[in-house]
Amino acid sequence: MGKTSEGRRPEHVAIIMDGNGRWAQARGKPRLFGHHAGARRVREIVESCPDLGVKYLTMFAFSTENWKRTQVEVSGLMKLFKRYLMSETKELVEAGVRVRFIGDRIRLDERLVALMDELELLTSGNDALHLTIALNYGGRDEVARATKRLAREVAAGRIDPESVDAETLAGFLDTCVLPDPDLVIRTSGEARISNFLLWQSAYSEYEFIDTLWPDFTRDEFARVLANFGARERRYGAVPG
Ligand code: FPP
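Residues numbered from 1 in each chain as written. Predicted model: local features only at pLDDT ≥ 70, side-chain atom pairs only at ≥ 80, totals over all residues. Heavy atoms only, no water.

Q: Summarise the side chain of Thr-132; cite the residues concerned and give the values.
A: Within the fold, Thr-132 resides in strand S5 (residues 129–137). Of the residues examined, Thr-132 reaches a relative accessible area of 1% and is grouped as buried. Apart from residues no more than four positions distant in its own chain, Thr-132 is found in contact with Leu-57, Thr-58, Met-59, Arg-100, Ile-102 and Leu-178. (Helix = DSSP H or I, 4+ residues; strand = E, 2+ residues; numbered from the N terminus. Buried < 20%, exposed > 50% of the residue type's maximum accessible area, 1.4 Å probe, protein only. Contact = heavy atoms within 4.5 Å.)

Here it is, written out as structure tokens:
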């Protein structure tokens, strides 16, 4: 059974926003300058989704590995996330965007977590676009946390271990209510997935784009999406 995506637009697009640091360095500026420029692109790409037929957008904002960066960069990024959530709330609510966060909240500061909870609640009735922001997210960490929750259910006798299959585990992932991504885009010329949506991207298309994230425009996004329709997805089956 073949499945072709010809002429189709991806419904769920996930993006690894890479290259902010290099973009800033090329301008002789500190790395945080690049992250601020990157945040402006997030807004542009989010705004473009309804017109481009994208229903789910998932963006990698901060990984479980990003804590290894300098304290100045990490705290600057956390401050940027807080500022961004505060400044965008009204517009996201009015634009009908439903915001969700994936990742482990345990290491994030209280004020940031409160803003995340508030935004999730305020947008919980929206459906125009489902925006998921990955914050302190790592694919392996997510699978480990899901496994722990599943193991607790088994230990409590609420789930029969013999009945556990891939679908059972998927139900414990942070993304349990989201469809799998059709397309994963990474900017800045690196061809790695860096622990992003490891489980969910098993059958996703990948696009590695040379453009640095702060230069990634709506037009380029539209071209990448159009390119998706030209490819065929077979999910391991023979074309037919
Ligand atoms: C990767 O570039 C980018 C990040 C680790 C941070 C992503 C954050 C933003 C785009 C800012 C705002 C996001 C939201 C959701 C408000 P890099 O620093 O690894 O770049 P480099 O590879 O050139 O060093």
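Read on, since the account is not over.
Q: Report on the packing of helix H2 (residues 31–52) against helix H3 (residues 71–94), specifying residues and quantitative values.
A: Close contact between H2 and H3 brings their axes to 10 Å; oriented N to C, the two are set at 25°. Comparing their axes, H3 and H2 come out roughly parallel. Relative to H3, the crossing made by H2 is right-handed. Contacts from Arg-31, Leu-32, His-35, His-36, Ala-39, Val-42, Arg-43, Val-46 and Glu-47 in H2 reach Val-72, Glu-73, Gly-76, Leu-77, Leu-80, Arg-83, Tyr-84, Glu-88, Glu-91 and Leu-92 in H3. (Axes fitted to C-alpha atoms, helices over the stretch in contact; angles between N-to-C directions. Parallel < 35°, antiparallel > 145°, perpendicular 65-115°, else oblique. Left-handed = near helix turned anticlockwise from the far one by under 90°.)

Q: Give a description of helix H5 (residues 139–155) that names residues and reports values.
A: Side chains that are three or four residues apart share a direction in an α-helix, a result of its 3.6 residues per turn. Over its 17 residues, H5 runs 24 Å from end to end, which matches the ideal 24 Å to within 8%, given 1.5 Å per residue. Listed as buried for H5 are Gly-139, Glu-142, Arg-145, Ala-146 and Leu-150. Taken around the axis of H5, the buried residues stretch over an arc of 135°, which confines them to a single face. Exposed side chains of H5 directed beyond 90 degrees from the buried face belong to Arg-140, Lys-148, Arg-152 and Ala-155. Contacts from the buried residues of H5 go to S5 and helix H6 (166–170). At the C-terminal side of H5, Gly-157 shows a positive phi close to 80°. (Expected span 1.5 Å × (residues − 1). Arc of directions from axis to C-beta.)

Q: How would you explain the pattern of salt bridges if you had to name every residue and give the values?
A: Counted according to the given criterion, the structure contains 20 salt bridges. For the salt bridge of Asp-18 with Arg-22, the shortest nitrogen-to-oxygen distance reads 3.5 Å. With a relative accessible area of 33%, Arg-22 lands in the partly exposed category. The shortest N-O distance in the salt bridge between Asp-127 and Lys-55 comes to 3.6 Å. Of this pair, Asp-127 sits in the loop between helix H4 (110–122) and S5 while Lys-55 sits in the loop between H2 and strand S3 (56–63), and the two are 72 residues apart along the sequence. (Salt bridge = Lys/Arg side-chain N within 4 Å of Asp/Glu carboxyl O.)

Q: Let's hear about the environment of Asn-195: which residues, and what values?
A: Positionally, Asn-195 belongs in the loop between strand S6 (183–186) and strand S7 (205–208). Asn-195 has contacts with Thr-64, Glu-65, Tyr-137, Gly-138, Gly-139 and Arg-140, leaving out every residue within four places of it along the chain.

Q: Would you mind going over the layout of surface pockets in detail, with residue names and values included?
A: Estimates place the volume of the largest pocket at around 700 Å³. Those elements that place two or more of their residues in the lining of the largest pocket are helix H1 (20–25), H2, S3, H3 and S5. Class assignment for the residues of the lining of the largest pocket results in 17 nonpolar, eight polar and seven charged. By volume, the second largest pocket is sized at about 170 Å³. Those elements giving two or more residues to the lining of the second largest pocket turn out to be H2 and H3. (1 Å grid on protein atoms, 1.4 Å probe; cavity = no way out; pocket = protein on both sides within 12 Å on 5 of 7 lines; lining within 4 Å. Points joined across faces, edges and corners; volume = space filled by probe spheres on them. Nonpolar A, V, L, I, M, F, W, Y, C, P; charged D, E, K, R; others polar.)

Q: Tell me about empty space enclosed by the protein, and please be specific about residues and values.
A: Scanning the entire structure with this criterion turns up one cavity of 30 Å³ or more. Here the largest cavity defines a volume of roughly 40 Å³. Residue lining of the largest cavity: His-12, Thr-58, Thr-175, Leu-178, Pro-179, Asp-180, Pro-181, Leu-197 and Gln-200, and that is the complete set. Partitioning the lining of the largest cavity into residue classes produces four nonpolar, four polar and one charged.

Q: Account for the sheet that holds S7, naming residues and giving values.
A: Pairing between the strands of a sheet comes from backbone hydrogen bonds, and it takes one of two forms, parallel or antiparallel. Judged by pairing direction, the sheet is parallel, and its six strands sit side by side in the order S4-S5-S3-S2-S6-S7 without closing on themselves. Every other strand in the sheet has two partners, leaving strand S4 (97–102) and S7 as the edge strands with one partner each. The mean angle between the axes of side-by-side strands here comes to 20°, regardless of whether they run parallel or antiparallel. Pairing of strand S2 (residues 12–16) with S3, which is carried by five bridges, proceeds in the parallel orientation. (Pairing = 2+ DSSP bridges.)

Q: Can you break down the side chain of Thr-168 residue by residue, with the values?
A: Among the secondary structure elements, Thr-168 is positioned in helix H6. With a relative accessible area of 18%, Thr-168 lands in the buried category. Excluding residues within four positions of it along the chain, Thr-168 makes contact with Leu-150 and Ser-163.

Q: Mind laying out unusual backbone geometry, listing which residues take part and the relevant values?
A: Despite not being glycine, Asn-136 has its phi angle at roughly 50°, a positive value. Mapped onto the elements of the fold, Asn-136 is located in strand S5. You can call Asn-136 buried: its relative accessible area is 4%.

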